[in-house]
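Structural description and commentary
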Amino acid sequence: MINKVILVGNVGKDPDVRYFDNNKGVANFTLATTERGFTTRDGRQIPERTDWHNVTVRRGLVKVAESYIKKGTQLYVEGKLRTRSYEQDGVTKYVTEVIADTVKLLGRKSDNPAVDDNSYSGNSGAQPTPDSGQSMAPQNQSSGNEGFSAGDDSNEQEDDLPF
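Presented here is a report on the structure given in the accompanying data block. (Residues numbered from 1 in each chain as written. Predicted model: local features only at pLDDT ≥ 70, side-chain atom pairs only at ≥ 80, totals over all residues. Heavy atoms only, no water.)

Before going further, it helps to spend a moment on the overall build of the protein chain. For the protein chain, the count of helices and strands is one helix and nine strands. Going from N to C terminus, the protein chain has its helices and strands arranged as β-β-β-β-β-β-α-β-β-β. Every one of the 163 residues in the protein chain was classed for burial, and the buried ones make up 35%. In the protein chain, the proportion of contacts linking residues at least 24 apart, taken out of those at least 6 apart, comes to 58%. (Helix = DSSP H or I, 4+ residues; strand = E, 2+ residues; numbered from the N terminus. Buried < 20%, exposed > 50% of the residue type's maximum accessible area, 1.4 Å probe, protein only. Contact = heavy atoms within 4.5 Å.)

Let us now look at a positive patch on the surface. Side chains of Lys24, Arg58, Arg59 and Arg82 sit close together on the surface and give a patch of like positive charge. For arginine 82, the position within the fold is in strand 7 (residues 74-88). Note on arginine 82: relative accessible area 40%, which makes it partly exposed. (Patch = residues over 30% accessible without salt bridge, like charges linked within 9 Å, V, L, I, M, F, W, Y side chains within 5 Å. Areas by Shrake-Rupley, 256 points an atom, 1.4 Å probe, with all protein chains shown as cover. Salt bridge = Lys/Arg side-chain N within 4 Å of Asp/Glu carboxyl O. Lys, Arg positive; Asp, Glu negative; His and termini not counted. Charge placed at Lys NZ, Arg CZ, Asp CG, Glu CD.)

One face of the sheet, then the other: side chains in a regular strand alternate in exactly this way. Judged from the three bridges that link them, strand 6 (residues 49-58) and strand 8 (residues 91-105) form a sheet pairing that is parallel. Each residue of the ladder has a partner; that of valine 55, found in strand 8, is valine 98. Two elements, strand 7 and strand 8, share 14 bridges in a ladder whose sense is antiparallel. Bridge pairing in strand 8 links glycine 79 to alanine 100. The turn joining strand 7 and strand 8, which pair antiparallel and follow one another in sequence, is formed by two residues; a positive phi near 55° is taken by aspartate 89. (Pairing = 2+ DSSP bridges.)

This brings us to the nonpolar core. Counting 19 residues, the largest nonpolar core has Val55, Val57, Ile69 and Leu75 as its most contacted members. Setting aside anything within four residues of it in sequence, one finds valine 57 in contact with Gly25, Val26, Ala27, Phe29, Val62, Ala65, Ala100 and Val103. (Core = buried A, V, L, I, M, F, W, Y, C linked by side-chain atoms within 4.5 Å.)

Under the criterion given, the structure shown has six salt bridges. The partner of aspartate 101 in a salt bridge is lysine 80, with the nearest N and O atoms 3.1 Å apart. Taken together, the positions of aspartate 101 in strand 8 and lysine 80 in strand 7 put the pair 21 residues apart, joining distant regions of the chain. Classification of lysine 80 by relative accessible area gives partly exposed; the value is 28%.

Let's shift gears to the side chain of threonine 30. Positionally, threonine 30 belongs in strand 3 (residues 25-35). In this structure, threonine 30 is in contact with Asn10, Val11, Gly12, Lys13, Trp52, His53 and Asn54, ignoring residues within four places of it in sequence.

Let's shift gears to the packing of aromatic side chains. Applying the stated criterion across every chain, the model contains zero aromatic pairs. Positioned over the ring face of tyrosine 76 is lysine 104, at 5.7 Å from the centre of the ring. (Phe/Tyr/Trp six-rings, centres within 6.5 Å; stacked < 30°, edge-to-face > 60°. Lys NZ or Arg CZ within 6 Å of the ring centre and 35° of its normal.)

The next subject is the pairing of strand 7. Judged from the six bridges that link them, strand 1 (residues 5-11) and strand 7 form a sheet pairing that is antiparallel. The residue bridging asparagine 10 from the neighbouring strand is glutamine 74, located in strand 7.

For the rest of this paragraph, the subject is unusual backbone geometry. Even without glycine at this site, asparagine 23 takes up a positive phi of about 65°. Structurally, asparagine 23 can be placed in the loop between strand 2 (16-19) and strand 3. Overall, asparagine 23 belongs to the exposed group, its relative accessible area being 64%. A positive phi angle, close to 55°, is found at arginine 59, a residue other than glycine. Here arginine 59 shows up in the loop between strand 6 and helix 1 (61-68).

So, to be careful, I would describe these as geometric facts and stop short of saying anything about function.
Rendered as structure tokens:
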């Protein structure tokens, strides 16, 4: 079974970051994805459609969200869909959210007010993505295509799957 979500969109509000007693944290934010409108061959106008997604990040991504993700930031998010329920006033409510494993900053550096020339922080265990246009590492840093990953251990092995 596979549960994988890939989204590219814009952050709708600054992340809500919370830390717990054990110094672990969680950050939540919304991400808007938009499908362009178009005109069919017979001339019908199909309007633009925007969907809003609840995104949750944990582990090393919490520091990344706190430092670099702000309202309007364009992101690539990869993760899993998770549905949870809770009761409010005797009514069961359901929430579907994306539990992010990977986050990459997209767009131009000037599009993200949270990033300045010297804002790379290596404390999160994450690496910047040079291909995203927002190279946050100093110029002499090696350029990889890692992005930000939720794993605290950079020595994690990838599955050896045939696809």
